[in-house]
Amino acid sequence: MPDTDLPLLFEQLPIGVYRSTLGGRQLRANAALVRLNGYTSEAELLAAVQDIASEWYVEPGRRDEFAQLLARDGRVVDFVSEAWRHRTRERIWVRETAHLVRDADGQPLFYEGTVQDITAEHAAQLALQASERRFRALTDRAQVLTLVCEPDGRVLYASQAALALLGRAPQALLGESQFDWMHPDDREAARAEFGEVVQHCNPGTESLYRLRHADGSWRHVAALGQSFMDDPAVRGIVLNWRDVTERERALQAMQQSRQRFQAAFAVSPDALLISRLSDGQYLEVNDTFVELSGYRRDELIGRNASELGIWADASVRRAFLDALARQGRVRHFEAHYQGRGDRRGVVEISAEPIAVDGEPCLMTIARDITQRLQVERALRHLTEDLERRVAERTRQLADSEQRYRSIFELVPMAIVEEDWSEAIALLAPHRAAAAADPQAWLQAQPALVAACLQAIRVVRLNPAAAALYGLPVDDDAPHRLAELFAVYDSADGFVGELAALLAGRCRHDHARTLRRADGEIRHVQLALALPAMDSDGDGTALASLVDVTELQRLSAELDASLAEARRAHRELETFTYSVSHDLKAPLRGLDGYSQLLLSRHAAQLDEEGQHFLQRIRTAAQQMAQLTDDLLAYARLERRTQALGAVGLGALVKSVLADCADELDRRGVVLALDLPVVTLRADVEALKLALRNLVDNALKFSATAPAPALAIGADCLDRRVRLWVRDNGVGFDMGFHDRIFQIFQRLHRAEDYPGTGIGLAIVAKAMERMGGRAWAESQPGQGATFFLEVPQA
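The present account deals with the structure reproduced in this document. (Residues numbered from 1 in each chain as written. Predicted model: local features only at pLDDT ≥ 70, side-chain atom pairs only at ≥ 80, totals over all residues. Heavy atoms only, no water.)

Quick look at the packing of helix 25 (residues 648-658) against helix 27 (residues 683-700)
Here's step 1: Interhelical geometry of helix 25 versus helix 27 gives an angle of 50 degrees and a closest axis separation of 10 Å. The angle between helix 25 and helix 27 falls in the class oblique. Viewed along their axes, helix 25 and helix 27 form a crossing whose handedness is right-handed. Residue-level contacts link Leu 651, Val 652, Ser 654, Val 655 and Asp 658 of helix 25 to Val 683, Leu 686, Lys 687, Leu 690, Arg 691 and Val 694 of helix 27.
Here's step 2: Among the residues making up the contact of helix 25 with helix 27, the classes are represented as seven nonpolar, one polar and three charged. (Axes fitted to C-alpha atoms, helices over the stretch in contact; angles between N-to-C directions. Helix = DSSP H or I, 4+ residues; strand = E, 2+ residues; numbered from the N terminus. Parallel < 35°, antiparallel > 145°, perpendicular 65-115°, else oblique. Left-handed = near helix turned anticlockwise from the far one by under 90°. Contact = heavy atoms within 4.5 Å. Nonpolar A, V, L, I, M, F, W, Y, C, P; charged D, E, K, R; others polar.)

Some points on the nonpolar core
Here's step 1: Counting residues in hydrophobic clusters, the biggest one holds 39 residues, and the most contacted among them are Leu 679, Leu 686, Leu 709, Ile 711, Phe 785 and Leu 787.
Here's step 2: Counting only elements with at least two residues in this core, the list comes to helix 25, strand 24 (678-682), helix 27, strand 25 (708-716), strand 26 (719-726), helix 28 (758-768) and strand 28 (783-790).
Here's step 3: Leave out the neighbours within four places in its chain, and Leu 709 touches Leu 663, Val 668, Val 669, Leu 670, Ala 671, Val 694, Ala 697, Val 724 and Arg 725.
Here's step 4: Judged by nonpolar contacts, the second largest core, of 37 residues, contains Leu 427, Leu 442, Leu 448 and Ile 456. (Core = buried A, V, L, I, M, F, W, Y, C linked by side-chain atoms within 4.5 Å. Buried < 20%, exposed > 50% of the residue type's maximum accessible area, 1.4 Å probe, protein only.)

Some remarks on the sheet that holds strand 16 (residues 414-419)
Here's step 1: With antiparallel pairing, the six strands of this open sheet are ordered in space as 18-17-16-21-20-19. What marks the edges here is a single partner per strand, and that holds for strand 18 (479-480) and strand 19 (507-515).
Here's step 2: Looking at chain direction, strand 16 and strand 17 (residues 457-461) are connected through four bridges and run antiparallel. When the sheet's bridge partners are listed, Val 416 is paired in strand 17 with Leu 461. (Pairing = 2+ DSSP bridges.)

Brief notes about the packing of helix 27 against helix 28
Here's step 1: Two numbers describe how helix 27 lies on helix 28: the axes approach to 9 Å, and their chain directions differ by 150 degrees. Put simply, helix 27 runs roughly antiparallel to helix 28. Here helix 27 and helix 28 pass one another in a crossing that is left-handed. Between helix 27 and helix 28, the contacting residues are Ala 685, Leu 686, Leu 688, Ala 689, Asn 692 and Leu 693 on the first element and Gly 758, Leu 759, Ile 761, Val 762, Ala 765 and Met 766 on the second.
Here's step 2: Taken together, the residues of the contact of helix 27 with helix 28 break down into ten nonpolar, two polar and no charged.

Topic: the environment of Arg 615
Here's step 1: Within the secondary structure layout, Arg 615 lies in helix 24 (residues 607-638).
Here's step 2: Judged by its relative accessible area of 54%, Arg 615 is exposed.
Here's step 3: As for Arg 615 and Ser 594, which are separated by 21 residues in sequence, their C-alpha atoms are 9.7 Å apart.

Quick word on a nonpolar patch on the surface
Here's step 1: A contiguous nonpolar patch, built from Val 375, Leu 379 and Leu 382 and spanning about 280 Å² of accessible area, is present on the exposed surface.
Here's step 2: Mapped onto the secondary structure, Leu 382 falls in helix 15 (residues 370-410).
Here's step 3: Note on Leu 382: relative accessible area 54%, which makes it exposed. (Patch = residues over 30% accessible without salt bridge, like charges linked within 9 Å, V, L, I, M, F, W, Y side chains within 5 Å. Areas by Shrake-Rupley, 256 points an atom, 1.4 Å probe, with all protein chains shown as cover. Salt bridge = Lys/Arg side-chain N within 4 Å of Asp/Glu carboxyl O.)

Examining helix 10 (residues 245-267)
Here's step 1: The terminal C-alpha atoms of helix 10 lie 33 Å apart, and with 23 residues this matches the ideal 33 Å at 1.5 Å per residue to within 8%.
Here's step 2: If you follow the buried residues of helix 10, they end up packed against strand 8 (207-212), strand 9 (218-227), strand 10 (237-243), strand 11 (271-276), strand 12 (282-285) and strand 15 (359-368). (Expected span 1.5 Å × (residues − 1).)

Remarks on the pairing of strand 17
Here's step 1: As paired elements, strand 17 and strand 18 share two bridges and run antiparallel to each other. In the strand pairing of strand 18, Val 458 is matched with His 479.

A closer look at the packing of aromatic side chains
Here's step 1: What the rule picks out here adds up to eleven aromatic pairs.
Here's step 2: Each ring, one from Trp 181 and one from Trp 241, has its centre 6.0 Å from the other, and the planes form 85 degrees; the classification is edge-to-face. With Trp 181 in the loop between helix 8 (170-173) and helix 9 (184-200) and Trp 241 in strand 10, the pair connects residues that are 60 residues apart, well separated along the chain. Side by side, Trp 181 and Trp 241 carry an identical accessibility label, which is buried.
Here's step 3: Measuring from centroid to centroid gives 5.1 Å for Trp 774 and Phe 786, while their planes differ by 15 degrees, and the two rings are stacked. Here the residue Trp 774 occupies a position in strand 27 (residues 772-777), and Phe 786 occupies one in strand 28, the gap between them amounting to twelve residues. (Phe/Tyr/Trp six-rings, centres within 6.5 Å; stacked < 30°, edge-to-face > 60°.)

Below you can see the structure in the form of structure tokens.
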């Protein structure tokens, strides 16, 4: 080909065109070939390629095969080889067509040819070949039933697949109608589609039917039919039935699975979303994610997290994407989210790549852990606080234990620490039997009582207890309670301790007598703190023993002294009563005879004699009054009390009625403030006490310009406080206790007559009734006397 023709050829062909030497050097290359090799100019390509055989062909010797064909045939058509894209060393597939150019003498000059990049075509061809191989393999193994039928559906021929698909031999199907094997619901559609194939002679579309198997089950088939009525070799309708039962079951299972997934997706308490991997666009979200984000579903679908600002921190989003790229999935990734408005919190994210309709997507589960983190923080704080409190409590317990040990060792009271756990174990099975009367039941079980006594272990005794029992202070040898009971006068008290334990009491007190090692008898009062039978404690009991030997001796002496004092008091009362009673007659005689002298013989006496006689009579009257008061005091002491219900209002009116004339005569202003209340008192003794207080008030207010008397009462906590107030001379509270003693006076008899016994009678009466009497006063300000008695 002349050189002048090459530029035109280069311009017109879109494929590579070249000229090369027989030895393998490139002489010319058009623009398409330059581009195919990755260069920008022909000169660049020609300079780069030195040897086509080694620099172009991937397979060694391929250039030699190419040259041999050219030498033999003068041309090569569609020579396909794997080659290198020269500059990038990328593998490509090319198709060459070339011829050998000779000179006028027929000698070879060079090669000319075309090169076409068929990499994509080659790949497609390989894929097609693979597909064909798979199809052939599938067809060979597939259970496809081929039928040839009459236009009315009767079977003329059946393939061997009939046995697998229908469970019947092919010969058994001949002459039967295909529609007889179909599901009743499919027959009408099958007849219509079969009629279309018969009428139009064109291949029909694949349809799905159900066929009855010989075992009674239904098989799903994909049916495809075509009319060959015009083909003399067939003259029928050819049907291919392919068993798709498993596929339909799989599709049904897939559909059910999809429905379950959709249901789970919709109702999941976690936020679920599906997004495209390429741009993060949301394809589907569930209601939980809608609620979490605060956006409507239509506002979310078609947008991504960046547009909505879902990620509160962009750096955390980048860390999430890095983890996804690195690991292919993400598990339990914590991130802060920002929803619409003030919706924000922390979520735990797990993500898994999935394919949706062939498109790479990301399935994301986001669990709102905001409250969980808050609870965890609160729990941490509580745990820290609890640990602090436990440490503090442990320290306090240690301090308490130390204080207990110090008290245990130093207290002068005898303390014994005992372990009752074994005894509790012995008694536990008998609780129901002993419930009615533990004391009586235990007394009938001497063997069990003895076993319990032997089972109780003495843990430690403090120094005071060791001294009480006569044991060495540093005695650390283990003891059983039975050893200590050997020194007691009897073990009967132990039955009471066991009975208290069975009854559920936490304390038992009783007295014991013990004989020390030196023979000395000591009396003790024991208080036993018992463990609970139902608790998980260690069964520790604490016994405290107080040596009351000296106290009992002193008590006996005191009882003897009291008895002697009572005897002397009774003798004194008898003497006082006798003297007072025996003095009344002489005093009456002395007063009477003095009266007779004054009335009958006054003329015989001078003025001084009459004065002396009047003084004698006054003294006799005072002595008689004193005797009467002494008798009243002694009678009050000797009389039997008659405690009963006493109406306060009636009592006060009775006392005031007795002195009504004196109140009127002296113009006393009377004020009463009495609640309606009933007292528990001896009515006569209370009336006597109240009358003495009224007389006392009248006596000491006699010099007041306007004498006033007030009587009232208050109710205080089931007791009644009665008070009598006057506006008399009053007294100094320094003499308060003295005025209630017998024969004690604060004023001269000439100024305020009296015997000094009235307030003593008041105090004695209140003492005998279980009440009390007291007074409040200031000199010149009057006085208020109080009586307190129980309320009925």
